[in-house]
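Here is how the chains run, residue by residue.
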Amino acid sequence: MVAATVPADVPWLTLLIVWPLIGALLLWVLPRRAADGPTAGPRRVREIALVVAVVELALAIGAAVVGFGGSMSDASLTGSYQLYESHAWIPQFGISYALGVNGVAMLLILMALVLVPLVILAAWKEQGSQNGASNRLRHYLALVLVLTSFMVAVFAARDLFLFYVVFEAMLIPVYFMIGAFGGPQRRYAAVKFLLFSLAGGLVMLVGVIVLSLHGPGGEQGFLISNLTGLDLGTGTGRWLFLAFFLAFAIKAPMFPVHSWLPDTAEQAPAGTSTLLVGVLDKVGTFGMLTLCLPLFPEASRWAAPVIIALALVSIFYGALLALGQQDMFRLVAYTSVSHFGFIVLGIFAFTSTSIAGSSFYMVNHGLSTGGLFLLVGFLVARKGSARIADFGGLQKITPVLAGTFLVVGLSALSLPGLSTFVSEFLVIVGTFGTHRPAAIIAAVGVVLAALYVLWTYQRVFTGPVRDELAETRDLSGRERWVVGPLIALMLVLGFYPAPALDLVNDPATISVTQVGVADAPDLVTVGDEGSEQ
């Protein structure tokens, strides 16, 4: 484990955790109705939430500049943990409040904090037609801000017990965001999500406790750096690996423990699904990369063949199920099962190229899938239905909505020129160096992605206009501000991925070293200027 090299003179990460909590508290203590009229309350709630989210993003950019700016290609920065903070929390049990980010964690935090203000904008009029709209909206947006705090904390935690606490605490706001604000079967979906997540978390808790008993103990006994490189023995290490991996596979989600996701995505509000699938599910693959590999290197090598096989199954299973869906929310959920198969494949191929591709894929999947969920939400707001059969011919009357859906969909199928192509290409090429048959099989899965994206676009937007859709409005200015930044990022990172790749390349090389395997020769190199050779 590479030690932290840049302490935080300003506690940037703590600031990023605390600021959204302050915003959520402010929303909850606001008067229920403003003095100047019944509509001022909702407007004020929205404005406060948006300002808090935008300030949070600005703080994160400042933290990235302080921690990594000016020398992104320097392994001493991107490969180590920056902005490091460590304070005694419960020293009697060896638990610390320790935070730090490497290039991968920083990139995921930035991606999450880009999505949050867009989700708030997308929910600008959510629940607006119901009684008590202001009160419902304040609770929903406050939960979004609480979740924002937890998302930063889970990617920044460098104490294993702190990581576990935040890993479980994230369930609370998401449970209420689904159960209180979702569709007709929202309670069923919320309970199913909670039960799956709690089951995985409880298994991981046993692993956390057992691992700590094998550690050095002391007041910092749960620091991840102090638990890396332990001599656990073959049997113990493998059982502990399975305990952690199961929790992360459920969170990811990965076949065969994925079944909670389609039900949840179908019933949750579009913004909730955006954060759940776009960000929270990345905690699963992030945990595989930053905990399973360095803590259990022998077990990771031992389990890799089976995990790669499951990743391939996920790629095809998710894509084939997506082709058969009639509900667009469920369709996007199953596409994510397929995409997570690519991410897991790259991690357990154990090459620096494939791991860098998987790390970048986590970010790009958040952008493309988040965009799809938000656009489906806009369609549902117009029609009141997410069924594909209820649409048709919208391209003629909503050209901007059709165009943005097509671009975001093309990103999901990894069209060259859009950011997802770069990451998927690196995963396949990196995997080819060590697991050639798996790489070839995974490449076939790309064709299925083209089928489910283009066929959905054809059914929803082409053909004759359905009579009941003739008055459907195109994207409003607010809605264009929701999807515009996502498309801009997809294009920028598609043509110039170097800044992101500079953040993930060195951590990927370190991960290969930690697992204890020889890196495969590079079939492709991405230079400092972002050119592929």
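Residues numbered from 1 in each chain as written. Predicted model: local features only at pLDDT ≥ 70, side-chain atom pairs only at ≥ 80, totals over all residues. Heavy atoms only, no water.

Enquirer: Summarise the overall build of the protein chain; cite the residues concerned and give the values.
Expert: Within the protein chain, the secondary structure is distributed over 21 helices and three strands. What you see for the protein chain is a C-alpha radius of gyration of 22 Å, in line with the 24 Å of a compact globule of 533 residues. The C-alpha extent of the protein chain, read off along each of the three principal axes, is 70 × 55 × 45 Å. For the protein chain, the proportion of its 533 residues judged to be buried stands at 61%. In the protein chain, once contacts between residues fewer than 6 apart in sequence are set aside, the share between residues at least 24 apart is 81%. When the accessible surface of the protein chain is totalled, it reaches about 19000 Å², and 66% of it is carbon and sulfur. Positive and negative side-chain charges of the protein chain, numbering 27 and 30 respectively, have mean locations separated by a distance of 14 Å. (Helix = DSSP H or I, 4+ residues; strand = E, 2+ residues; numbered from the N terminus. Rg over C-alpha atoms; globule rule 2.2 N^0.38 Å. Buried < 20%, exposed > 50% of the residue type's maximum accessible area, 1.4 Å probe, protein only. Contact = heavy atoms within 4.5 Å. Areas by Shrake-Rupley, 256 points an atom, 1.4 Å probe, with all protein chains shown as cover. Lys, Arg positive; Asp, Glu negative; His and termini not counted. Charge placed at Lys NZ, Arg CZ, Asp CG, Glu CD.)

Enquirer: Account for the environment of Ser423, naming residues and giving values.
Expert: As for its placement among the helices and strands, Ser423 is situated in helix H18 (residues 419-432). The class for Ser423 is buried, based on a relative accessible area of 0%. A C-alpha to C-alpha distance of 8.0 Å links Ser423 and Ser359, two positions 64 residues apart in sequence. Those residues in contact with Ser423, other than ones at most four positions away along the chain, are Gly357, Phe360, Tyr361 and Asn364.

Enquirer: Explain the packing of helix H16 (residues 352-383) against helix H20 (residues 477-495) to me, and be specific about the residues and the numbers.
Expert: The N-to-C vectors of H16 and H20 enclose an angle of 155 degrees; their axes lie 10 Å apart at closest approach. Put simply, H16 runs roughly antiparallel to H20. With respect to the hand of their crossing, H16 and H20 are arranged in left-handed fashion. For the pair H16 and H20, contact is made by Phe360, Asn364, Leu367, Ser368, Gly370, Gly371, Leu374, Leu375, Phe378 and Arg382 and by Glu479, Val482, Val483, Leu486, Leu489, Met490 and Leu493, respectively. (Axes fitted to C-alpha atoms, helices over the stretch in contact; angles between N-to-C directions. Parallel < 35°, antiparallel > 145°, perpendicular 65-115°, else oblique. Left-handed = near helix turned anticlockwise from the far one by under 90°.)

Enquirer: Account for the pairing of strand S3 (residues 95-101), with residues named and values stated.
Expert: Across the seven residues that make up S3, a large majority, six, are buried. Summarising the sheet, strand S2 (residues 82-90) and S3 pair through six bridges and their orientation is antiparallel. Within the sheet, the bridge partner assigned to Glu85 lies in S3 and is Leu99. Turn length for the S2-S3 hairpin, with the two strands adjacent in sequence and antiparallel, is four residues, and the turn residue Gly94 shows positive phi of about 75 degrees. (Pairing = 2+ DSSP bridges.)

Enquirer: Describe the confidence of the model for the protein chain, and please don't skip the residues or the numbers.
Expert: Summing up the model confidence of the protein chain, the mean pLDDT is 86 and the portion of residues at 70 or higher is 90%. Of all helices and strands in the protein chain, the one with the weakest mean pLDDT is helix H3 (residues 75-78) (49), whereas helix H6 (residues 160-169) scores best (94). Confidence over residues 71-76 falls short of pLDDT 50; this stretch has 13 contacts with residues more than four positions distant or in other chains. (pLDDT = per-residue confidence, 0-100.)

Enquirer: Tell me what's going on with the pattern of salt bridges, and back it up with residues and numbers.
Expert: Taken as a whole and assessed by the stated rule, the structure comprises seven salt bridges. For Asp263, the salt bridge goes to Lys192, with nearest N and O atoms at 2.7 Å. Here Asp263, found in helix H11 (residues 260-267), pairs with Lys192, found in helix H8 (residues 186-213); they are 71 residues apart in sequence, far enough to count as distant. Each member of the pair Asp263 and Lys192 is classed as buried. Glu468 is the partner of Arg466 in a salt bridge, and the nearest nitrogen-oxygen pair spans 2.9 Å. What makes Arg466 partly exposed here is its relative accessible area of 31%. (Salt bridge = Lys/Arg side-chain N within 4 Å of Asp/Glu carboxyl O.)

Enquirer: Kindly report on the packing of aromatic side chains, identifying the contributing residues and their values.
Expert: Applying the stated criterion across every chain yields a total of 21 aromatic pairs. Within the aromatic cluster, the residues linked to one another by ring pairs are Phe163, Phe167, Phe244, Phe248 and Phe296. In this structure, Arg459 is placed above the aromatic ring of Trp455, and the distance from its NZ or CZ to the ring centre is 3.8 Å. (Phe/Tyr/Trp six-rings, centres within 6.5 Å; stacked < 30°, edge-to-face > 60°. Lys NZ or Arg CZ within 6 Å of the ring centre and 35° of its normal.)

Enquirer: Describe the layout of surface pockets, with residues and values.
Expert: Taken as a whole, the second largest pocket holds about 440 Å³ of empty space. Taken together, 18 residues line the second largest pocket, and the ones lying closest to its centre are Leu107, Leu110, Val114, Leu489 and Leu493. Looking at the lining of the second largest pocket, the elements with two or more residues in it are helix H2 (40-68), helix H4 (103-122), H16, H20 and helix H21 (498-515). Looking at the lining of the second largest pocket residue by residue, the classes come out as 18 nonpolar, no polar and no charged. (1 Å grid on protein atoms, 1.4 Å probe; cavity = no way out; pocket = protein on both sides within 12 Å on 5 of 7 lines; lining within 4 Å. Points joined across faces, edges and corners; volume = space filled by probe spheres on them. Nonpolar A, V, L, I, M, F, W, Y, C, P; charged D, E, K, R; others polar.)

Enquirer: Could you give an account of empty space enclosed by the protein, naming the residues involved and the relevant values?
Expert: Across all of its chains, the model carries six cavities of 30 Å³ or more by this definition. Looking at the second largest cavity, the residues that line it are Met328, Leu331, Val332, Thr335, Leu372, Val376, Phe405, Gly409, Tyr452, Val453 and Thr456. Mapped by element, the contributors of at least two residues to the lining of the second largest cavity are helix H15 (328-348), H16, helix H17 (399-412) and helix H19 (436-461). Broken down by element, the lining of the second largest cavity gets its largest block of residues, four residues, from H15. Across the lining of the second largest cavity, the residue classes tally to eight nonpolar, three polar and no charged.

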